[in-house]
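# Structure assessment
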Amino acid sequence: MRNTLKFRTWNVALLATTMLSGGVSPALAQDDSDPTLDEIVVTAQKREENLQDVPVSVQAIGGERLQQLGITDFAGYAEHLPTLSYSPSYGPGYNRPFMRGVASGENGNHSGSMPSVGTYLDEQPITTITGNLDLHLYDVSRVEVLAGPQGTLYGASSQAGTVRIITNKPDPSGFSAAYDVEANTITDGDWGQSAEGYFNAPLGDRTALRVVGWVEHTGGYIDNVAGSRTYPTCVDVDPDPDIITLDCSLADTTDTNADVVEDDYNSVDTHGARVALGIDLNESWTVTPQIMGQHQESNGVFAEQRSIGPRQVTHFFPEWNKDSWVQAALTVEGRISDLDLTFAASNLSRDVDSNADYADYGFFYDSLLGYGCYFVDNATPGFCDGVAGLPGDPINPGQQVEGRDHYDRDTYEFRVASPGDSSLRVIAGMFYQLSKHRIHQRYYFSENFRDEYEVPGHPDTIWLTEQLRTDEERALFGEVSYDFSEDLTGTFGVRLFKTENSLRGFFGYGAGFGSTGEAQCALVVPQPAPLANEPCTNLDKTTAETGALYRWNLEWRIDEDRMLYATRSEGFRPGGINRRGTLPPYEADFLTNYEIGWKTEWGNGRLRWNGAAFFETWKDFQFAYLGLNGLTQIQNAGDADIRGLETDLTWAATDGLTLTAAGTWIDSELTSASIPDTVVGTQLPTSPDLKLDFDARYEFPFRDWTGFIQGNTSYIGERSIDIRQTDSGLIGTLDSYWVADAALGLVGDSYRISLFVDNLFDDDGLTGRYTECATTTCFGEQYDVIVRPRTIGIRFGQEF
C-alpha cells in the first residue's frame, strides 16, 4: 500500500537518526586518526585523470562502492546518481536514460529517435534505440556519468550526457580471484539468488587472462490474477464520419485468462560471461581483446494495473522477453615517441524476442470507436454482413504482439594524445559506426481472423512491421588545452560529423483491410529485394546531415585542492525517417550547455565537494508519439530551456564513518511549441525537479574482522509524463517518493558476509506509468511501474 509522503519522510529521517546515533558517537570517541578520501581516477576526457582535476561535471561510483551498495544493474546505479534519471516501462532491457531533464516523453519506439544519453562499455558504445543493454555489473572498476553535452568527444546520442562502464583489466602481475553468492526474498513476492565470480591468471610476464561469469534469478512480485473481459461488438451507426454514435447491443465476446494466471510472474533469469586477454607486447604497446555476452529472460510485466489492484494485473496472453547479446571488442594502446595512440573497435550483436499482451487495444478500439465488426472470421454469411464494418462473425479482438529485433553495430575509433604533463595538450581522432536494426513486429489474434484481411504469409495477423533501420556516423574530433599559467587553462574542442539514416521495408495491414500497408506498396518503384516474408515494400527512404559541434572550457585552479571552471558545450541527436512515408523526415535536434562548476577538497582531503550550475537550450527537440492507427511518428516539436544545479559531497567524518550526499535540481519549460495541444511554459516530462541521495557507512573493528553498518535513502521528486495537455490530463503525474536501504556485515582478509534490506519501508514508489495504446484511447487502463518491494537478503563472498 502506498504511504503518504509525510509518513515516508518521517521513516527515512528515523532510519538516518538511528544509524548515526548508533554509529557516530563511538567513532568520534576514538577519533585519533586523520582519515582521507581515496583518489578516483576517471577517463572522461579520453585520458586517465584524477576526478578532481577534470573540469567537467563527472559523478563516479568506484568498484568498491558498487560492491558495498550491492549494485548489479542500471537501476541500481541510477538510484545513487541524481543527475541520471530513466524511463522504465516494459522491464529489463527497456530502460531509457536521461540526464539534466533533457527528455520530451518520447515512447522509445524501434523506429523513433536515437537516445539523448550515450552508454559505453569501456571504449565502445553500446547504445541502442528501444533500451540500453541491461548489463549485469560484476568485477567492474567504476561507473562514470558525464553530465551535459559530450558531443565533441563522444558524438551522436551523447547529447545530454554519457554513461561509461569501465571493467577491470587483465593483470599480469599476479593471480587473483573472487566469488559472491546471494539469496534474497521479496515481500509478498518470490525468492531470488545469484552467483558471480572471476579469476585473473597471468600467462607469463606480459600476458594475463581475466574471466568473469554470473548467473542470477530475480524473483517476481506482480501477480497475474484471474479475471474476464467482455468485448461488446460496437459499431458506429452515424453516417457522419466526424461523429461517433455507437450501437453496442449486437453481440458480446467474453475472454478469460485461466491459462496464464500466475503469482509473482515477472521473474527474470540472467546469465553471462566476460573474457579478456591482456597482452603487453613491450613497454609501450598493449593489446586487449575482449568478448562479453549475456542472455536474459524475463516474464510478465513490471507494473501494476490500476483498475485491478496493488502489484496485480489481469492479462490474457503469454508475456515474455528474451534478450541475448554478444560484444567482441579490441583495444590497442601504445606510444610512438611522446604520443599516446589508442585504437578501439567492437561488434555488438543483439537479439530480442518477445511476446506481449495487447488486449487493451482491441477492447478500447472496439468499445470506444465502434470497430467491433472489423475483427471478424471467415463465416459466410456472417453476423456482421450488412452492418457497418466487414462481413463475418465477430472474434475476440484481443491481440498479442510478437516481436523479433536484431541489432548489429560496428564501431571504430582511432585517436592520438600528446603528453598530459605538457602545457599544450592535444587529442585528435576519427570515429565511424554503422548500426543495423532488423525489426519484426506482428500483431495477431488468437482466433481465426478473416483470410482476405490478414497480412499475406502471416496467419491471423492484422498488422505487420518488417523493416531494416540503418544508422551511420562518421566524425573527426579534437581538443586542444593550453596552460596560460600554472593556474589557468583553456580548452577548445570540435567535432565534424556526417550522419545518415535509412528505413525500408513494410508496415501496415493486408490489402483488404486498410489504406496503410499493402495499399501503399505501389508508391515504391522499383520494389527492392524483400527483407523477410513481408508481402512487399511500402517504405524506402534515406536522409543525411552534416554539421559541427564545439566546446569551450576555462579552468582556474585556486590552489591544489580547489578549482573553478566554465564551459560552453554542444550535443546533438541525428535526424531520421518517419516510417509513415507520407510524413517528412525529422531533423537533428541540438542542445547547447552553459555551465559553471567547482571541484574542491577540504580538511586535508577528508571532504570532497563538487558541483555545477547549468543553463541549457534545446532547439527543435524531437518528439515521438502515437499518431493515426497507433503508429509512432516523430517531428521536431519546439524549443525548451533547462536550468539546474547538481552537487555531490563525500566526507570521511571519522576514522570509520563516511558520509555521502548528492542532489540535482532542475527547472525546465517549453519556450516554443510546434505540435498541437502543447503550451509554452509547460515543464518537460520524465525527469524529477529534485532528486537526492544520501549514504552513511560506519566501519569498526570486530575481533579479527571489520564490521560495518550502512544506510542509504534516495528521493525522487514529482514528474510529469507528457507535454501534450490532453494526454497529460488523462494520465496524470507521478508522485514523489523516498526509498531507503540498509545493510550490516563483516569483512575479513578473505571473506565478507552481509545482511541487507532494500526498500526498507516497502514503498510502492512510482517510477513510470503507461498505457498499451494511445493515451487518448486507452486512458481507461493505466499501468504503474513501481520500485521493487522490500527485499531482504544475505550475501557471502571470498577473495583469493
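Residues numbered from 1 in each chain as written. Predicted model: local features only at pLDDT ≥ 70, side-chain atom pairs only at ≥ 80, totals over all residues. Heavy atoms only, no water.

A few words on the overall build of the chain. Helices and strands together make up the secondary structure of the chain, namely 7 helices and 44 strands. Expected size for 800 residues packed as a compact globule is a radius of gyration near 28 Å; at 28 Å, the chain falls within 12% of this value. Expressed as lengths along the three principal axes of its C-alpha atoms, the size of the chain is roughly 90 × 55 × 55 Å. The 800 residues of the chain split such that 59% are buried. Long-range contacts, defined here as pairs at least 24 residues apart, represent 70% of the contacts in the chain between residues at least 6 apart. Carbon and sulfur atoms make up 56% of the accessible area of the chain, which amounts to about 31,000 Å² in all. (Helix = DSSP H or I, 4+ residues; strand = E, 2+ residues; numbered from the N terminus. Rg over C-alpha atoms; globule rule 2.2 N^0.38 Å. Buried < 20%, exposed > 50% of the residue type's maximum accessible area, 1.4 Å probe, protein only. Contact = heavy atoms within 4.5 Å. Areas by Shrake-Rupley, 256 points an atom, 1.4 Å probe, with all protein chains shown as cover.)

The next point concerns the packing of aromatic side chains. Within the structure shown, the criterion is met by 28 aromatic pairs. Ring centres 5.0 Å apart and planes at 50 degrees place the aromatic pair Tyr 715 and Trp 738 in the tilted group. You can see Tyr 715 sitting in strand β37 (residues 705–716) and its partner Trp 738 sitting in strand β40 (residues 737–747), a full 23 residues away along the chain. Of note, Lys 322 hangs over the ring of Trp 320, and the distance from its end group to the ring centre comes to 5.3 Å. (Phe/Tyr/Trp six-rings, centres within 6.5 Å; stacked < 30°, edge-to-face > 60°. Lys NZ or Arg CZ within 6 Å of the ring centre and 35° of its normal.)

So, on to the side chain of Thr 207. If you trace the backbone, Thr 207 turns up in strand β12 (residues 207–218). The exposure class assigned to Thr 207 is buried, which follows from its relative accessible area of 18%. Sequence-distant contacts of Thr 207, defined by excluding residues within four places in its chain, comprise Pro 172, Ala 201, Pro 202, Leu 277, Gly 278 and Ile 279.

A few words now on the sheet that holds strand β42 (residues 766–770). Ordered in space as β20-β43-β42, the 3 strands form an open sheet in which the pairing is antiparallel. Strand pairing shows two members of the sheet lacking a second neighbour, β20 (303–305) and β42, which therefore form its edges. The average undirected angle you get between the axes of adjacent strands in this sheet is 30 degrees. In this sheet, strand β43 (residues 783–786) lies alongside β42 in antiparallel orientation, the contact comprising 4 bridges. Bridged to Arg 769 within β43 is Asp 784. (Pairing = 2+ DSSP bridges. Axes fitted to C-alpha atoms, helices over the stretch in contact; angles between N-to-C directions.)

Here the focus is the sheet that holds strand β6 (residues 117–121). Strand order in the open sheet made by the 5 strands is β3-β8-β9-β6-β7, with mixed pairing throughout. Strands with a single pairing partner mark the edges of an open sheet, and in this sheet they are β3 (58–62) and β7 (124–125). Strand direction decides the pairing type here: strand β8 (residues 140–147) and strand β9 (residues 161–167), joined by 7 bridges, are antiparallel. Within β9, the position partnered with Leu 146 by the bridge is Thr 162.

This paragraph deals with the confidence of the model for the chain. For the chain, the mean per-residue pLDDT works out to 89, and 94% of the residues sit at or above 70. With pLDDT under 50 throughout, residues 1–32 is counted as low confidence; its partners more than four residues away or in other chains account for 43 contacts. (pLDDT = per-residue confidence, 0-100.)

As a further point, take the state of the cysteines. Scanning the entire structure with this criterion turns up 2 disulfides. Bridging Cys 521 to Cys 536, the disulfide has an S-S length of 1.8 Å. Residues Cys 521 and Cys 536 share a disulfide whose torsion about the S-S bond is about 55 degrees; that sign makes it right-handed. Highlighted residues: Cys 521 in the loop between β27 (488–508) and β28 (539–559) and Cys 536 in the loop between β27 and β28, separated in sequence by 15 residues. A relative accessible area of 14% places Cys 536 in the buried class. In this model Cys 773 forms its disulfide with Cys 778; the gap between the sulfur atoms is 1.7 Å. On the sign convention where negative means left-handed, the S-S torsion of about 85 degrees between Cys 773 and Cys 778 marks this disulfide as right-handed. (Disulfide = S-S within 2.5 Å.)

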